[in-house]
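# Structural overview
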Amino acid sequence: MTPSTASEIQAEMAALNLAYQARLTDDLLALQAQAAPLAQPDVDVAAPLARLLPALHQLIGSAGTFGEVALSEAARALELQLRSRQRQAAAWPLDERKAVVETVRGFSRLRTGQDPHTASVAPGVISGQVRRVDVLEDDPSILSMLVSSLRSFGYAAEGHASVAALERSLARRRPDAMIVDVHLGAEGGNGLALLEALQDRRHPPIPTLVITTRDDFEHRLRAVRAGAVGFFSKPVDLPQLENRLELCFDDYRGEPFRVVAVDDDPLLLARYQLVLGRAGVGVYAVSDPAQLHETLNAVVPDLLLLDVQMPGCTGAELAQMVRFDERWIGLPIIYVSAEADVGLQTAAMVRGGDEFMIKPIDDSILVATVLSRARRSRALANALARDSLTGLLKHGAAKEQLSQALSRAVRAGQPCSIAMIDLDHFKQVNDTHGHATGDKVIRALASLLKNSLRKDDIVGRYGGEEFLVVMNNLTAPAAAAKLDRLRTQFSALEFQGAEAPFQVSFSAGVSDSRSVSDVADVLIEADAALYRAKDAGRNRVMTADDFT
Amino acid sequence: MPDTLHHILHVEDDPAIRRIVALALGRVGGFEVRSAESGAEALHMLSQALPQLLLLDVMMPDMDGPMLLSQLRARDDTATLPVMFMTAKGSDDERAHLRQLGAVAVLEKPFDPMTLAAVVRQHWAAQT
């Protein structure tokens, strides 16, 4: 290999440093979790020491190499201290052990670099991307309520009392979404007119939710024309607003659509790839119909493009075969054919298709048809897989994603953590404060989990007050440390009760894929850890390792 | 005087260190560097092609550096393969012990990515 130029090397080094800083947060959390058992009075310190020492040793080498000299030195000093202690661990006084746990906790203050994921994070959010939401509302009490609850959901929300104020803010930076009250008083200006003017100038438009006092056809129509993606009349149901906000992010920032195209003509397949690819759609070409089933399972497409006439079988027969599989009952199927015979078209549609396009197909019509079908298909799949109260994945969908995450983790040789979370004494909340209040508690925990975990983590509502969380590339101790911070945060939240404000806590059990990689087994381990956490007095997070 | 050093195999379980060593020795130093993430993977790679130098992390899960070295010394084709260890600075005893196992050098972690290649080159030239 020839040596590279200095600037190339510098750029690569900067990228490596950034990747290391992102990892260091998890490393330090894992280290804290490994040290934590040392602070307990009656514990055999040999096992936690055996886990802590290699982790410290690794930190010495990696932190120093990536410029975290103070951190490396501190880890080195602690390693020396622990090694000398290891020989007489039994006689180790509790206050010294507690001091070790404190030292480890202090490590994060020694780092000089910043985790790129949390560098600009709002208070209360542990990691993940923070979305900026501008709110326009002229009623000060509603505005402050909206802003503070959006913040508690983890958004970086900023309130504006007038159109002019919002415009000034928009001139400075583009938010990820806006919530706009379109019925402002005389002072405030015309919200709907502002929206119309704003979205005119902006590509792509900013996803906007409209709040209004008048819910009629004319206002809904004007809102649509002004680019609104959600419409809420006052008084606003906040969790519902938050759900819709989440949904519009999914639509704008979600993964690209995936289309499977079956055709025996390679030129046509290449054209699909070119035309749809330009529109940001991923096209997976299948030239042999016998390969379709396998491709569908691998790609999990949003839409299927089928040639009507192929050697060996017809598109209609293929469509019917696809529909045999329950998973693909809702998959939109578009037939493509040179056949202009209406009778044949009808027959094909009856057998499981949704639309018929005649070759030669105009590029722009192909793109428009595919995009609109794929968008609705994904929204529908989302709605079916998601729980209506929380917007989280339902039991079945969560479990399926868990199984995919596990096999990905095993393939990549990375750990993957699974947590079962259960609200403490939830029946009491429902009995004392009513089910509507109980629902609010559930939605609050759902939002906290959604907004605090990373984008590729999985959060599902597993049962009534039970949640399933899957954290990729994190060991159980690191995942538990993360959840424990959320536990502290959640138990500090105040809910409005029938008479007085009240607080709710949760318990969690965490396992990971390092010891078992079977879905059923990791769930059993996490569940067992959850029950141990409940038995130990609730309001705590335990890992499967904590009692082996 | 040994041959000019070109081919290095680096064995290390920490992916961040693997990447920065590849940068330090490959891009900065101009060596051909391949990396293995475990002793087992290293053994597999060694059965296909032999490097001139093995750069070996000491502490790894499953098979640590010294264990891997003793396996290599028992094989005909790798019995004399030069090895340098890399380890977070240990006591003098530890270093002496690692040298006794037959290592050409014991390099320290943390290291400076900009000078690592020069350090390796120095130790390579000093072999007798």
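Starting afresh in each chain, residues are numbered from 1 along the sequence in its written order. As they are written, the chains are lettered A onward and the ligands numbered 1 onward, keeping that order. Note on the predicted model: pLDDT of at least 70 is required for a residue's local features to be given, and 80 or more for side-chain atom pairs to be given and counted; whole-chain, interface and lining totals, by contrast, use all residues. As a rule here, side-chain values come from all non-hydrogen atoms in the structure, and water together with hydrogens is ignored.

## So, the overall build of chain B
- Think of it this way: any DSSP run of H or I at least four residues long counts as a helix, any run of E at least two long counts as a strand, and we number them from the N terminus. Helix and strand counts for chain B come out as five helices and five strands.
- Helices (α) and strands (β) of chain B occur, in sequence order from the N terminus, as β-α-β-α-β-α-β-α-β-α.
- Taken over 128 residues, chain B has a buried fraction of 47%.
- Working rule for contacts: check all heavy atoms of both residues, and any pair within 4.5 Å makes them a contact. Contacts in chain B between residues at least 24 apart in sequence constitute 64% of all its contacts with a sequence separation of at least 6.
- For the area figures, the Shrake-Rupley method with a 1.4 Å probe applies, and any residue is considered shielded solely by the protein chains shown. Working note: accessible area of chain B is about 6100 Å², and carbon and sulfur atoms make up 50% of it. Partly exposed residues are those whose accessible area sits between 20% and 50% of the maximum for their type, while under 20% is buried and over 50% is exposed, using a 1.4 Å probe and protein chains only.

## What about helix α12 (residues 315-324) of chain A?
- Within α12 of chain A, the full set of buried residues consists of Gly315, Ala316, Leu318, Ala319, Val322 and Arg323 of chain A. Looking straight down α12 of chain A, one finds that the buried residues subtend no more than 160° of arc, so they occupy a single side. Within this analysis, the arc is defined by the directions that extend from the helix axis to the C-beta atoms.

## Observations concerning the pairing of strand β15 (residues 466-472) of chain A
All names here are of chain A.
- Where burial is concerned, most of β15 is hidden: seven out of the seven residues are buried.
- Going residue by residue along β15, you find Glu466, Leu468, Val470 and Asn472 tucked away on one face and Phe467, Val469 and Met471 tucked away on the opposite face as well.
- The sheet contact formed by strand β13 (residues 416-423) and β15 spans seven bridges and is antiparallel. Paired with isoleucine 421 across the strands is phenylalanine 467, a residue of β15.
- As paired strands, strand β14 (residues 458-461) and β15 are joined by four bridges and run antiparallel to one another. When the bridges of β15 are listed, isoleucine 458 appears paired with valine 470.
- In this description, strands pair whenever DSSP reports at least two bridges between them. Here β14 hands over to β15 after four residues, the two strands then running antiparallel side by side.

## Some words on the confidence of the model for chain A
- The predicted model of chain A averages 82 in pLDDT, with 90% of residues at 70 or higher.
- Long-range and interchain partners of residues 117-128 of chain A, a stretch whose pLDDT sits below 50, account for 26 contacts in this model, where long-range means more than four residues apart. Values of pLDDT, ranging from 0 to 100, describe the predictor's confidence in every residue of the model.

## Re the sheet that holds strand β12 (residues 355-358) of chain A
All names here are of chain A.
- One open sheet holds the five strands; their spatial order is β7-β6-β8-β11-β12, and the pairing between them is parallel. Either end of the sheet is taken by a strand with one partner, and the two such strands are β7 (282-286) and β12. Adjacent strand axes in the sheet meet at a mean angle of 20°, parallel and antiparallel pairs treated alike.
- When strand β11 (residues 333-337) meets β12, the two strands line up parallel, connected through four bridges. Bridge assignment links serine 337 to a residue of β12, and that residue is isoleucine 358.
- Angular values range over 0 to 180 degrees, each being the angle between N-to-C directions of two axes fitted as lines to C-alpha atoms, with helices fitted over their stretch in contact. Docked against the sheet, helix α11 (residues 292-299) engages β6 (258-262), β7 and β8 (303-307), running at close to 175° with respect to β6.

## Observations regarding the pattern of salt bridges
- Put simply, a salt bridge is a Lys or Arg side-chain nitrogen that is within 4 Å of an Asp or Glu carboxyl oxygen. Applying the stated criterion across every chain, the model contains 27 salt bridges over all chains.
- The salt bridge partner of arginine 271 of chain A is aspartate 363 of chain A, with a shortest N-O separation of 2.6 Å. Here arginine 271 of chain A, found in helix α10 (residues 266-278), pairs with aspartate 363 of chain A, found in helix α14 (residues 363-385); they are 92 residues apart in sequence, far enough to count as distant.
- Note on aspartate 363 of chain A: relative accessible area 34%, which makes it partly exposed.
- For the salt bridge of glutamate 12 of chain B with lysine 109 of chain B, the shortest nitrogen-to-oxygen distance reads 3.0 Å. Here glutamate 12 of chain B, found in the loop between β1 (7-11) and α1 (15-28), pairs with lysine 109 of chain B, found in strand β5 (residues 105-109); they are 97 residues apart in sequence, far enough to count as distant.
- When its relative accessible area of 1% is taken as the criterion, glutamate 12 of chain B is described as buried.
- Within this structure, Arg132, Glu158, Arg172 and Arg173 of chain A form a network of salt bridges that share partners.

## Some remarks on the sheet that holds strand β2 (residues 156-160) of chain A
Residues and elements named next belong to chain A.
- Taken together, the five strands give an open sheet; going across it, the order is β2-β1-β3-β4-β5, and neighbouring strands pair in parallel fashion. Across the chains shown, the open sheet's two edge strands, defined by having one partner strand only, are β2 and β5 (228-233). On average, each strand axis in the sheet is inclined to that of its neighbour by 15°, with strand direction left out of account.
- In this structure, strand β1 (residues 132-136) lies alongside strand β3 (residues 177-181), joined through four bridges in parallel fashion. By the bridge assignment, leucine 136 is partnered in β3 with valine 180.
- The strands touched by helix α8 (residues 217-225) are β4 (208-212) and β5; relative to β5, the strand with the most contacts, the crossing angle is about 150°.

## Describing the interface of chain A and chain B
- Each partner contributes to the interface: chain A provides 24 residues, whereas chain B provides 25 residues.
- Buried surface at the junction of chain A and chain B, summed over both partners, amounts to about 2100 Å²; 63% is from carbon and sulfur atoms.
- Whenever a nitrogen or oxygen atom comes within 3.5 Å of another N or O atom, the pair is scored as a polar contact, on the condition that within protein one atom can donate a hydrogen and the other can accept it, and that pairs from neighbouring residues in sequence are kept only if both atoms are in side chains. For the pair chain A and chain B, the interface holds three residue pairs in polar contact (both at pLDDT 80 or more).
- Going through the elements one at a time, α1 (6-35), α2 (46-65) and α3 (69-86) of chain A are the ones with two or more residues in the side of chain A that touches chain B. Here the buried area means the combined drop in accessible surface, using a 1.4 Å probe, for two parts upon being joined, counting both sides.

## Overview of the nonpolar core
- In this structure, Leu59, Leu82 and Phe107 of chain A together with Leu25, Met84, Leu116 and Val120 of chain B are the most contacted members of the largest nonpolar core, which totals 52 residues.
- When residues in this core are grouped by element, the largest group, eight residues, is from α1 of chain A.
- Beyond its immediate sequence surroundings of up to four residues, leucine 82 of chain A is in contact with Leu49, Leu52, Leu53, Leu56, Trp92 and Val100 of chain A.
- In this structure, Ala30, Ile421, Val441 and Val504 of chain A belong to the second largest nonpolar core, which totals 35 residues. Remark: nonpolar core denotes a set of buried residues (Ala, Val, Leu, Ile, Met, Phe, Trp, Tyr, Cys) joined through side-chain atoms within 4.5 Å.

## So, the packing of aromatic side chains
Residues and elements named next belong to chain A.
- Each Phe, Tyr or Trp ring, with Trp reduced to its six-membered ring, pairs with another whose centre is within 6.5 Å; inter-plane angles below 30 degrees give stacked pairs, above 60 give edge-to-face pairs, and intermediate values give tilted ones. Under the counting rule described, the total for this entry stands at three aromatic pairs over all chains.
- Residues tyrosine 20 and phenylalanine 66 carry aromatic rings whose centres are separated by 4.3 Å and whose planes lie at 10° to one another, so their mutual orientation is stacked. You can see tyrosine 20 sitting in helix α1 and its partner phenylalanine 66 sitting in the loop between α2 and α3, a full 46 residues away along the chain. The pair formed by tyrosine 20 and phenylalanine 66 is uniform in burial state, with each residue classed as buried.
- Each ring, one from tyrosine 335 and one from phenylalanine 356, has its centre 5.9 Å from the other, and the planes form 45°; the classification is tilted. Highlighted residues: tyrosine 335 in strand β11 and phenylalanine 356 in strand β12, separated in sequence by 21 residues.
- The buried category is assigned to tyrosine 335, whose relative accessible area is 0%.

## Details of helix α5 (residues 116-126) of chain B
Residues and elements named next belong to chain B.
- Those residues of α5 that fall on the buried side of the exposure criterion are Leu116, Ala117, Val120 and Trp124. For α5, the angular spread of buried residues about the axis comes to 95°, placing them on one side. The outward face of α5, more than 90 degrees from its buried face, is lined by the exposed residues Gln122 and Ala126.
- Residues of α5 that are buried in the fold lie against β1, α1, β3 (53-57), β4 (83-88) and β5.

## Some remarks on the confidence of the model for chain B
Residues and elements named next belong to chain B.
- Looking at chain B, pLDDT values average 90 and 97% of them are 70 or higher.
- Across chain B, the element-wise mean pLDDT spans from 86 in helix α4 (residues 92-100) up to 96 in β1.
- With pTM at 0.41, the complex prediction returns an ipTM value of 0.85.

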